[in-house]
Amino acid sequence: MLVQWRDDLSIGMLEIDVQHKLLFDKFNAFVNAYQSNQDTDEIMRMFWFLEAYAVTHFKEEEKLMQQVRYPDYEKHREKHLAFIDQINQLKERLKAEGLTQGVVNNMTTFITSWLIDHISTMDRAIGRFVNNSAVPPGI
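For clarity, every value in this text was computed on a predicted model and none was experimentally measured.

1. As for the overall build of the chain
The helix and strand tally for the chain stands at four helices and zero strands. Beginning at the N terminus, the succession of helices and strands in the chain can be written as α-α-α-α. For 139 residues, the compact-globule estimate of 2.2 N^0.38 gives 14 Å, and the chain sits close to it at 16 Å. Taken over the C-alpha atoms alone, the chain extends approximately 50 × 25 × 20 Å along its principal axes. A separation of at least 24 residues holds for 74% of the contacts in the chain among residues at least 6 apart in sequence. For the chain, the accessible surface area stands at approximately 7,500 Å², while carbon and sulfur atoms represent 51% of it. If the 15 positive side-chain charges of the chain are averaged to one point and the 20 negative ones to another, these points end up 3 Å apart.

Below, the structure is given as structure tokens:
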């Protein structure tokens, strides 16, 4: 299940939008590697890289929220932490069960729905706040 970037997912902040597009690209590379039966180690490396990139993106987004004094920073950060916790649970399943269709389906369903929902609601609210504020984003 690939996830396609749509223009309506743009939050109106170029740096964050570019990072979101890269998240989609990394996720799709992982799915494509699995679907084309690439080497298991390579597929796992792609997943670890996707996870690491998501964590890096979250840190950048949280830094931005702090710079602009975003009022829902704590709530937003909690969503990021919950995502990381869920990814850690999926990693444990991967270690225990291996790269099975069931695990990959759970991963792709969760990541796809979470990314689209989070970007279209939580992240879009950041964009609206910054674009309606006199506070420059500093990025």
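Further notes follow.
2. Quick look at the pattern of salt bridges
In the structure shown here, the tally under the stated rule is six salt bridges. Of the charged contacts in the structure, one is a salt bridge between Arg77 and Glu62, with a shortest N-O distance of 3.5 Å. Of this pair, Arg77 sits in helix H3 (residues 73–97) while Glu62 is found in helix H2 (residues 40–67), placing the two residues 15 residues apart along the sequence. Residue Arg77 is classed as partly exposed on the basis of its relative accessible area of 31%.

3. Here we look at helix H1 (residues 14–35)
With 22 residues, H1 should cover 32 Å at 1.5 Å per step; its first-to-last C-alpha distance of 31 Å lies within 8% of that length. Among all positions of H1, only Ile16, Asp17, Gln19, His20, Leu23, Phe24, Phe27, Asn28, Phe30, Val31, Ala33 and Tyr34 are buried. Summarising the contacts, the buried residues of H1 are in contact with H2 and helix H4 (101–131). Just past H1, the residue Asn37 takes up positive phi, approximately 55°.

4. Here's the deal with the UniProt feature "domain: Hemerythrin-like" (unreviewed entry) in the chain
In the UniProt entry, the feature "domain: Hemerythrin-like" (unreviewed entry) is given for residues 16–126. What you have in residues 16–126 is 89% helix and 0% strand, and the ends, taken at the C-alpha atoms, are 10 Å apart.

5. Remarks on the environment of Asp7
Within the element layout of this structure, Asp7 appears in the segment before H1. Between the alpha carbons of Asp7 and Arg128 there is a distance of 16 Å; along the sequence they are 121 residues apart.

6. Remarks on the nonpolar core
Side chains that are nonpolar tend, in soluble globular proteins, to be buried together. Counting residues in each nonpolar core, the largest one holds 40 residues, and the members touching the most others are Phe47, Phe83 and Ile111. At the level of elements, H1, H2, H3 and H4 are the ones that each hand at least two residues to this core. Sequence-distant contacts of Phe47, that is, excluding residues within four places in its chain, are made with Phe30, Ile87, Lys91, Leu94, Met107 and Ile111.

7. Concerning the packing of aromatic side chains
Counted by the stated rule, this structure contains eight aromatic pairs. Between Phe30 and Phe47, the ring centres sit 5.5 Å apart and the planes meet at 50°, which makes this aromatic pair tilted. A residue pair is termed long-range when its members are at least 10 positions apart, and Phe30 in helix H1 and Phe47 in helix H2 qualify at 17 residues. The buried category is assigned to Phe30, whose relative accessible area is 0%. Counting every residue linked through ring pairs, the aromatic cluster contains Phe58, Phe83, Phe110 and Trp114.

8. Comments concerning the environment of Met1
Within the fold, Met1 resides in the segment before H1. Looking at Met1, the relative accessible area reads 48%, which means it is partly exposed. Linking Met1 and Thr108, residues 107 residues apart in sequence, is a C-alpha distance of 6.5 Å. Setting aside residues no more than four positions away along its own chain, Met1 makes contact with Phe27, Val31, Gln35, Thr108, Thr109 and Thr112.

The rules behind the values
Starting afresh in each chain, residues are numbered from 1 along the sequence in its written order. Only residues with pLDDT of at least 70 are given local features in this predicted model, and only at 80 or more are side-chain atom pairs given and counted; all residues enter the totals for whole chains, interfaces and linings. For side-chain calculations, the full set of non-hydrogen atoms in the structure is used, while hydrogens and water are omitted. Put simply, DSSP H or I for four residues or longer makes a helix, DSSP E for two residues or longer makes a strand, and each gets a number counted from the N terminus. With C-alpha atoms as the basis for the radius of gyration, the globule rule is written as 2.2 Å multiplied by the number of residues raised to the power 0.38. Contacts are assigned to residue pairs with any non-hydrogen atoms lying within 4.5 Å of each other. Only the protein chains shown count as cover for residues, and the accessible areas themselves come from Shrake-Rupley with a 1.4 Å probe. Counted as positive: Lys and Arg. Counted as negative: Asp and Glu, with His and the chain ends omitted from the count. To locate a charge, take NZ of a lysine, CZ of an arginine, CG of an aspartate or CD of a glutamate. Salt bridge, as used here, is a side-chain nitrogen of Lys or Arg placed within 4 Å of a carboxyl oxygen of Asp or Glu. Burial status follows relative accessibility: with a 1.4 Å probe on protein chains alone, a residue under 20% of its type maximum counts as buried, one over 50% as exposed, and anything between as partly exposed. Given the number of residues in a helix, its expected span is that number minus one, multiplied by 1.5 Å. UniProt positions are given in the numbering used here, feature names are shortened, and annotations may be inferred rather than shown by experiment. Buried residues of nine kinds, namely Ala, Val, Leu, Ile, Met, Phe, Trp, Tyr and Cys, make up a nonpolar core once their side-chain atoms join them within 4.5 Å. Working definition: rings of Phe, Tyr and Trp (its six-membered ring) pair if their centres are within 6.5 Å, and the pair is stacked with planes under 30 degrees apart, edge-to-face with planes over 60 apart, and tilted otherwise.

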